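Listed here are the chains, written in short residue letters.
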Amino acid sequence: MSKKLSAMSWRKGDDVASRPWRGRVRDYDLFKELTIGLVVVGLLVLSLSAIFSSPDDPGVTLKSWATAAPSDFVATATAELGGTSDTAGYGPPYNATPDATQKLWFIDLQSLSGIRLPIDTASDFVLNPLKTLPTPPPALAQWSAASAEQQAKWTAAYTEALAAVPTGDPAQVMSGNYGPVPALTQALLSMAASGNLDGVLQNAGEPYNLDYTPTVLFLGDGTYFPNLASTAHLTGDQWGVMNETGNTPGQSWLWLFSLLYQIEPFKSSANADILVVSTMLVLSLLLTLLPFIPGLRALPRKIPVHRLIWKDYYRQR
């Protein structure tokens, strides 16, 4: 064995790596080769990117939503005013909605975070943005002067009236006691269609626009944004976490994480997120501790898949 290892040593004079070169030699222009390599590789990368790159769909904004689906925008704005949207009832870290958190037995990680990003949907998504207009709508004063009970009656009546219209078009809503709700939602629709609402929601008094949380939450409360996600195969029941826009393959390494959302009991559970995360943590811990767990660490010897992979080596042995 020692002779075999000695013969394989690169330090020996008879090794190929240590022999002097006897062939032809010529000058080598490193800069020329580097330039050619960069140009060729650069052109190749650009060409392949143009053909096979990920989709680059335009971003969804409140302006595009208000323009493409004004009826859905008005219905969502009404829900934000009435506190009946998904965001209004989400719970921590946005609000303190009772029994809104996901729990694993007695563990309530969502509540442990506290209300770190407080959001009042009526004020933050509708009323405060309208107050920034050069001429705020008079309906703001009527809304502010009403009691919470009266405000809830107005929004509930207008929501029901919108739902009764097949197209959801506010212009076709039957007359009723809706208070200032139609005026407020129409003013917000006009503000969004002009592009001003995006800037107001995302600015938050900062010089740079870096926080898209309010915009994303507002978009998610409607049906327009989720429908776009479904069309692009990005929803959870479409293995969306593994896709890019347009059903283009994306993060394939997340297959196990996404798989759990497709099977029971995770699929139909109201606590699906925390159950999936907990399961992945347990599986990751088992994988980390595999060398120390009796029985599990012996599986490679009992299931010799490695012998198929390195069959040439084991054949020689």
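Since this is a predicted model, take the numbers as computed values, not measurements. (Residues numbered from 1 in each chain as written. Predicted model: local features only at pLDDT ≥ 70, side-chain atom pairs only at ≥ 80, totals over all residues. Heavy atoms only, no water.)

**Notes on unusual backbone geometry**
- A cis amide bond links Pro92 with the next residue in sequence, Pro93, at an omega value of 5 degrees.
- Along the chain, Pro93 turns up in the loop between helix H4 (70-82) and helix H5 (109-112).
- A cis amide bond, omega 5 degrees, links Glu264 with the succeeding residue Pro265.
- Within the element layout of this structure, Pro265 appears in the loop between helix H13 (255-260) and helix H14 (272-288).
- Although it is not a glycine, Trp105 sits at a positive phi angle of roughly 60 degrees.
- Structurally, Trp105 can be placed in the loop between H4 and H5.
- Even without being a glycine, His233 presents a positive backbone phi close to 60 degrees.
- Mapped onto the secondary structure, His233 falls in the loop between helix H12 (224-231) and strand S1 (243-244). (Helix = DSSP H or I, 4+ residues; strand = E, 2+ residues; numbered from the N terminus.)

**Description of the packing of aromatic side chains**
- As enumerated under the stated definition, the model contains nine aromatic pairs in all.
- Taking the centre distance of 4.9 Å and the plane angle of 65 degrees together, the rings of Trp65 and Phe73 count as edge-to-face. Judged on exposure class, the residue Trp65 and its partner Phe73 are both buried.
- Here Phe257 and Tyr261 contribute two aromatic rings whose centre-to-centre distance is 5.9 Å and whose plane-to-plane angle is 50 degrees, an arrangement assigned as tilted.
- A relative accessible area of 26% places Phe257 in the partly exposed class.
- The class for Tyr261 is partly exposed, based on a relative accessible area of 24%.
- Ring-pair connections join several aromatic residues into one group, and the members of that group are Trp65, Phe73, Phe125 and Phe218. (Phe/Tyr/Trp six-rings, centres within 6.5 Å; stacked < 30°, edge-to-face > 60°. Buried < 20%, exposed > 50% of the residue type's maximum accessible area, 1.4 Å probe, protein only.)

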